[in-house]
Amino acid sequence: MLPDLSFAVPRGQVTGLLGPSGGGKSTLMRALVGVQQVASGRVEVLGLPAGVPALRSRVGYVTQAPSVYGDLTVTENLRFFSRLLRAPSSDIDAVVEQVDLGDNADDLVDRLSGGQRSRASLAVALLGQPELLVLDEPTVGLDPVLRRDLWALFHRLADEGTTLLVSSHVMDEAMRCDRLLLLRNGELVADDSPQALLDRTDAADVETAFLTVVEARSEQRTQVPA
Amino acid sequence: MRSPISPAATLAVCSRVLTQLRRDHRTLAMLLVIPVVLLTLLWWMYDGDDQTFARLGPPLLALFPFVVMFLVTSVTTLRERSSGTLERLLTTPMGKADLLAGYGLAFGAVAVVQATVAVGLTVGVLGLDVRGPVWVLALVAVLDAILGTALGLLVSAFAATEFQAVQFMPAFVIPQLLLCGLFVPRDRLPEVLSAISDVLPLSYAVEAMREAQTSTSWTSGLTVDMTVVAGSGLLALALAASTLRRRTA
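Residues numbered from 1 in each chain as written. Chains lettered and ligands numbered in written order. Predicted model: local features only at pLDDT ≥ 70, side-chain atom pairs only at ≥ 80, totals over all residues.

> Quick question: what am I supposed to make of the overall build of chain A here?
Looking only at helices and strands, chain A features seven helices and eight strands. A compact globule built from 226 residues should have a C-alpha radius of gyration of about 17 Å, and chain A, at 18 Å, falls within 12% of that. Projected onto the principal axes, the alpha-carbon positions of chain A cover approximately 65 × 35 × 30 Å. Residues counted as buried form 43% of the 226 residues belonging to chain A. Within chain A, counting contacts between residues at least 6 apart in sequence, those at least 24 apart form 67% of the total. (Helix = DSSP H or I, 4+ residues; strand = E, 2+ residues; numbered from the N terminus. Rg over C-alpha atoms; globule rule 2.2 N^0.38 Å. Buried ≥ 20, exposed ≤ 12 C-beta atoms within 10 Å, placed from the backbone. Contact = placed C-beta atoms within 7 Å.)

See below:
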């Protein structure tokens, strides 16, 4: 799935993992949290092999589809996961506040809108203040105001020292990241800061930069003598 | 398993499952009412024929908790697998054994209530003739329920959809029902079938029920039967644990 991939995610920054869907973003993220079968290669997270027990309370993970219990309230979900993570119960109110679900804390997750549900899923990942947050498309289906608020939250968390890896297939979110990884067909086509990527490709936006990088690579490949 | 069971995580899983179940009024009502209705139906069918009711009642007391818990558990676990919550749980410090033990504990608690109601009705209202202590019947019923839970957890690993999970019921449960001695006493079955019935856990559950009904005190046969039922449950749980893969493709 992901041949020859090598990269490092800097600590205390928001790194964006961008690329079209089917490009391997989710597979890569699952490898980082240790739920993906990895055929070969080394995946290290916070200096330890990915998925080892010692990492499980230090890494927060949000899957693409919200993974919370629909027949429990937001608070009940958070209480359950905080017991598993051995996070203090004061965290529950704090994360509800962070994802702006204060008015829905006692609603059943099934009754929430799609956007609220994915924020509830995000709240679970914030419990116990993990050092690394791996977020698979956390802003899908959210209105622009909420999206802006969540990105502000991500940067606030990064400023407090959390490392974030956020995937998205929406290119305009790229400019909000400190660093970008562009993934296409399981290949890492760029690993740069957004501005450096724009400068290097002489493009006005990340979408164009992405195209330029991809085209440059395929040209390179056809020039290689057989 | 790498780590022993953590009581905190197990209790967290157990109370979560019970909260979910408490919210599902219809399932809860069916769990308690269906055995009562069916046992009453059986009693009514053999109107006044106490002997036949005494022969069929105990095996059915063993069967209900087994079947019901098998279905409830396999569907619930499948839901956990398909909703992505299982994957999330496996990225937390919780051990796989904690999850299974939590489920076992929660459904075991439901089984205690269900068995108490069913046994209470059968003995107290319908007048099933029981020589020994009644609590032994209830204990056997609870063990059966836990066995059903354990098997349900196991087969849910082999089902990709809820339809498939439900289909495992006829595949796993009905052969055990046919061979457990309810229709033909096990020693009168053809040799091959008799041998098969010797390795099916429900046979021992039904035997334990009979034993509890007919003997005035605890017998060694009861100990053997109940050990086999409990052992099969533990074996199924251990196999179920090995099907919970942290890393998947």
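After that view, the rundown keeps rolling.
> Help me understand the pairing of strand β6 (residues 163–168) of chain A, please; the structure alone is not making it clear to me.
Each regular strand carries side chains that alternate between the two faces of the sheet. Residue and element names in this part refer to chain A. Here β6 lies mainly inside the structure; six of its six residues are buried. Burial of β6 is two-sided: the residues Thr163, Leu165 and Ser167 facing one way and the residues Leu164, Val166 and Ser168 facing the other way are all buried. Taken together, the five bridges between strand β1 (residues 14–18) and β6 define a ladder with parallel strand orientation. Paired with leucine 18 across the two strands is serine 168, which belongs to β6. Once you follow strand β5 (residues 132–136) into helix α5 (residues 144–159) and on to β6, the crossover reads as right-handed. (Pairing = 2+ DSSP bridges. Right-handed = clockwise from strand over helix to strand, strands pointing away.)

> What's the story with the pairing of β1(A) in this structure? I'm lost.
All names here are of chain A. Burial analysis of β1 places five of its five residues in the buried class, the great majority of the element. Neither face of β1 is left uncovered, since the one carrying Val14, Gly16 and Leu18 and the one carrying Thr15 and Leu17 both have all their residues buried. Of the pairings in the sheet, the one linking β1 to strand β7 (residues 179–184) comprises four bridges and is parallel in character. Counterpart to threonine 15 in the pairing with β7 is arginine 179.

> What exactly am I supposed to notice about the interface of chain A and chain B here?
Interfaces are often sized by the accessible area lost when the parts come together. Of the residues lining the interface, 23 residues belong to chain A; the matching set on chain B comes to 22 residues. In terms of residue count, helix α2 (residues 74–85) of chain A provides more of the side of chain A that touches chain B than any other element does, six residues in total. Broken down by class, the residue content of the side of chain A that touches chain B amounts to twelve nonpolar, seven polar and four charged. (Nonpolar A, V, L, I, M, F, W, Y, C, P; charged D, E, K, R; others polar.)

> Looking at this model, I keep getting lost on the nonpolar core. Mind explaining?
Across soluble globular proteins, nonpolar side chains show a tendency to be buried alongside one another. With 126 residues, the main nonpolar core has Ala123(A), Phe66(B), Val140(B), Ala141(B) and Ala205(B) as its most contacted residues. Take this core: its biggest share by element is 15 residues, from helix α6 (residues 134–156) of chain B. Dropping the residues within four chain positions of it, Val140(B) is found in contact with Ala62(B), Ala205(B), Ala208(B), Met209(B), Ala212(B) and Met226(B). (Core = buried A, V, L, I, M, F, W, Y, C linked by C-beta atoms within 7 Å.)

> Please explain the sheet that holds β1(A) as it appears in this structure.
To summarise the sheet geometry, strands pair through backbone hydrogen bonds and adopt either a parallel or an antiparallel arrangement. Residue and element names in this part refer to chain A. Taken together, six strands build an open sheet; the order of strands is β4-β5-β6-β1-β7-β8 and the sheet is mixed. Taken across any chain shown, the strands that pair with only one partner, and hence form the sheet edges, are β4 (59–62) and β8 (187–192). The mean angle between the axes of side-by-side strands here comes to 15 degrees, regardless of whether they run parallel or antiparallel. Sheet analysis places β5 next to β6, joined by five bridges and oriented parallel. Bridge pairing links leucine 133 to leucine 164 in β6. The sheet contacts of helix α1 (residues 25–33) involve β1, β4, β5, β6 and β7, and relative to β5 the element is tilted by about 150 degrees. In the packing of helix α4 (residues 114–126) onto the sheet, the strands contacted are β4 and β5, and the crossing angle to β4 comes to about 170 degrees. (Axes fitted to C-alpha atoms, helices over the stretch in contact; angles between N-to-C directions.)

> Explanation requested: the packing of helix α2 (residues 25–45) of chain B against helix α5 (residues 96–125) of chain B in the structure shown.
Packed helices, taken two at a time, are described by the angle between their axes plus the distance between the axes. Residues and elements named next belong to chain B. Relative to each other, α2 and α5 sit at 25 degrees, their axes nearing to 9 Å. Considering their axes alone, α2 and α5 lie roughly parallel with respect to each other. Considering only the axes of α2 and α5, their crossing is right-handed. Contacts from Leu31, Leu32, Pro35, Val36 and Leu39 in α2 reach Val110, Val113, Gln114, Val117, Ala118, Leu121 and Thr122 in α5. Each residue belonging to the contact of α2 with α5 can be placed in one class, and the counts come to ten nonpolar, two polar and no charged. (Parallel < 35°, antiparallel > 145°, perpendicular 65-115°, else oblique. Left-handed = near helix turned anticlockwise from the far one by under 90°.)

> I'm lost on helix α1 (residues 7–23) of chain B in this one. Help?
Residues three or four positions apart in an α-helix share a direction because the helix packs 3.6 residues into each turn. With 17 residues, α1(B) ought to run about 24 Å at 1.5 Å a step, and its terminal C-alpha atoms sit 24 Å apart, in line with that. Inspection of α1(B) places Ala9(B), Thr10(B), Ala12(B), Val13(B), Cys14(B), Arg16(B) and Val17(B) among the buried residues, and these make up the whole buried set. Where α1(B) is buried, its residues meet α2 of chain A together with α5 of chain B. (Expected span 1.5 Å × (residues − 1).)

No statement about biological role is implied by the geometric values presented.
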